[in-house]
Amino acid sequence: MFFKKTSGNGDLTLYLGKRDFVDHVTSVDIVDGVLKVDPANLNGRKVFVYLACAFRYGSEDLDVIGLSCRRDIWVKRVQVFPVIAGGIGKTPMQEALVKKAGEQAHHFSFEMPTNLPCSVALQPGPNDSGKACGVDFELKAYIANAADDGDEVIEKKDTCRLMIRKIQFSPASTNAGPKAEITSPLQLSASLGKENYYHGDPISINVKINNDSSKVVKKIKITVEQNTAVVLYSSDNYVKAVCSEEFGETINANSTFEKEFTMTPLLANNSEKRGIAVDGRLKDGDTNLASTTLCESGEKEMQGIIISYKHAVYTEINIQLLVFSDVVAELPLILMSPKPAGG
């Protein structure tokens, strides 16, 4: 299986063996492709390919009136034709693509840095139109006199592009889940069953309460909260509950309580919520809540959109007549997709 896209003038055809490229935290899959070039109509011009990671933050309609609705986070360009001497050899994938494309095929490769964000989109509201805000990756071939001349007008018919995704999978882990303890005004302990959870799996959380106070706990509320950090010119954080349940548990003064609760955060239950972060998708494919962003410790600050989750356990204490106070325990949560078998 392979993917291809041809320019409007028919002179360029992009070939890729896959469109998902995995970020392994310490390295990222090489983007290796092939471009078929018909040089008959170049008229002295050159052919380039660029890979861009960009943050889209507005409607495509803004482009029509001359306002850019995207900001490039990272861009790299390579000249494909005429061929520059001393290039690197072909990967096995490129060898196969060259056989598909024929003798006019030229290979190219891009190595993405590990501090780029993954593909993610912010879910539009029910009445919003246009492309969703978020981070995307675009591979584009084009005919031009120079690789990056802001004054040169490149006609659409002289370009072709394919969108790709940068994704992460959950690391293998047998570690125990995180634990949090609060000791005042009562003893509240919460722990997760394990360290990592997959999208769609139920999440188990054990709650222990030693109510050695003179107050009564009226109820327990448990939430899973998605934190979306948008890091561009500054850093902005948006927190949204993607799963929330209240339990009518009463814990009297000088008594104890222990129970395991189960919750399953799903995109299907948040489909109408504007601004929920979801994993990037190609065309109209299925997706899920955005995966936790994993990054290497001590790495250069990542830009774009960074996703994290936390479990919060709220206990409501009746301090006095009609006056209540919350005691809260918070736990970090890693929510991701499993690595495919054989991947």
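For the structure, see preceding data.
So, here's what we can say about the structure. Every value quoted in this text rests on a predicted model; they were computed, and no experiment measured them. (Residues numbered from 1 in each chain as written. Predicted model: local features only at pLDDT ≥ 70, side-chain atom pairs only at ≥ 80, totals over all residues. Heavy atoms only, no water.)

Each helix and strand in the protein chain was counted, giving two helices and 20 strands. Taken over the C-alpha trace, the protein chain has a radius of gyration of 25 Å; the compact-globule value for 343 residues is 20 Å, which it surpasses by more than 25%. Looking at the protein chain as a whole, 44% of its 343 residues qualify as buried. In the protein chain, once contacts between residues fewer than 6 apart in sequence are set aside, the share between residues at least 24 apart is 67%. When the accessible surface of the protein chain is split by element, carbon and sulfur atoms take 48% of a total near 17700 Å². Positive and negative side-chain charges in the protein chain, numbering 38 and 43 respectively, have mean positions lying 3 Å apart. (Helix = DSSP H or I, 4+ residues; strand = E, 2+ residues; numbered from the N terminus. Rg over C-alpha atoms; globule rule 2.2 N^0.38 Å. Buried < 20%, exposed > 50% of the residue type's maximum accessible area, 1.4 Å probe, protein only. Contact = heavy atoms within 4.5 Å. Areas by Shrake-Rupley, 256 points an atom, 1.4 Å probe, with all protein chains shown as cover. Lys, Arg positive; Asp, Glu negative; His and termini not counted. Charge placed at Lys NZ, Arg CZ, Asp CG, Glu CD.)

Here the focus is the nonpolar core. Ranked by size, the top nonpolar core spans 71 residues in total, and within it Leu-35, Met-112, Ile-205, Ile-222 and Tyr-309 carry the most contacts. If near-sequence neighbours (up to four positions away) are discounted, Leu-35 is found in contact with Leu-12, Thr-13, Leu-14, Val-47, Val-49, Val-80, Gln-104, Ala-105, His-106, Phe-108 and Ala-141. Tyr-15, Val-34, Val-98 and Ala-105 belong to the second largest nonpolar core, which has six residues in total. (Core = buried A, V, L, I, M, F, W, Y, C linked by side-chain atoms within 4.5 Å.)

On to the sheet that holds strand E1 (residues 3–6). Taken in spatial order, the four strands of this open sheet run E1-E2-E4-E7, and their pairing is antiparallel. The open sheet has two edge strands, E1 and strand E7 (105–110), and neither has a second partner. Neighbouring strand axes in the sheet, compared pairwise and without regard to direction, differ in orientation by 20° on average. Pairing between strand E2 (residues 12–16) and strand E4 (residues 31–37): five bridges, direction antiparallel. Bridging from a neighbouring strand, Leu-12 pairs with Val-37 of E4. (Pairing = 2+ DSSP bridges. Axes fitted to C-alpha atoms, helices over the stretch in contact; angles between N-to-C directions.)

Here the focus is the pattern of salt bridges. Scanning the model with the defined rule gives 14 salt bridges in all. The partner of Arg-56 in a salt bridge is Asp-136, with the nearest N and O atoms 3.9 Å apart. Separated by 80 residues along the polypeptide, Arg-56 in strand E5 (residues 46–56) and Asp-136 in strand E9 (residues 134–144) bring together distant segments of the chain. The pair formed by Arg-56 and Asp-136 is uniform in burial state, with each residue classed as buried. Salt bridges sharing common partners tie together Arg-45, Lys-157 and Asp-158. (Salt bridge = Lys/Arg side-chain N within 4 Å of Asp/Glu carboxyl O.)

Turning to the packing of aromatic side chains, a few remarks are in order. The full count for this structure, using the stated rule, is five aromatic pairs. An aromatic cluster of three or more residues is present, and its members are Phe-48, Tyr-50 and Tyr-142. (Phe/Tyr/Trp six-rings, centres within 6.5 Å; stacked < 30°, edge-to-face > 60°.)

Turning our eyes to something else, we now look at the side chain of Lys-166. Structurally, Lys-166 is set in strand E10 (residues 159–167). Overall, Lys-166 belongs to the buried group, its relative accessible area being 0%. A polar side-chain atom of Lys-166 sits 2.6 Å from a polar atom in the side chain of Asp-23. Here Lys-166 is in contact with Phe-21, Asp-23, Val-28, Met-112, Pro-113, Leu-116, Pro-117, Cys-118, Ser-119 and Phe-137, once residues within four sequence places are set aside. (Polar contact = N/O pair within 3.5 Å; in protein donor to acceptor, adjacent residues only side chain to side chain.)

Here we take up helix H2 (residues 92–101). Buried within H2 we find Gln-94, Leu-97, Val-98 and Ala-101. End-on view of H2: buried residues confined to an arc of 105°, all on one side of the axis. Residues of H2 that are exposed and point over 90 degrees away from its buried face: Pro-92, Lys-99 and Lys-100. The inward-facing, buried residues of H2 abut E2, E4 and E7. (Arc of directions from axis to C-beta.)

Next up on the list: the sheet that holds strand E14 (residues 203–211). Pairing between the strands of a sheet is mediated by backbone hydrogen bonds and can be parallel or antiparallel. The strand order across the open sheet built from four strands is E11-E12-E14-E17, with neighbouring strands paired in antiparallel fashion. Single-partner strands in this sheet number two, and they are strand E11 (179–182) and strand E17 (255–263). Looking at each pair of strands side by side, their axes are set apart by 10° on average, direction ignored. Note that E11 and strand E12 (residues 187–192) share four bridges and pair antiparallel. Each residue of the ladder has a partner; that of Ala-180, found in E12, is Ala-190.

The next subject is the side chain of Glu-138. With respect to the secondary-structure elements, Glu-138 resides in strand E9. A polar contact is formed between the side chain of Glu-138 and the side chain of Tyr-50, at a distance of 2.8 Å. Among the polar contacts listed, one links the side chain of Glu-138 to the side chain of Arg-161, at a separation of 2.5 Å. In this structure Glu-138 touches Tyr-50, Leu-51, Ala-52, Arg-70, Arg-161, Leu-162 and Met-163, once residues within four positions along its chain are discounted.

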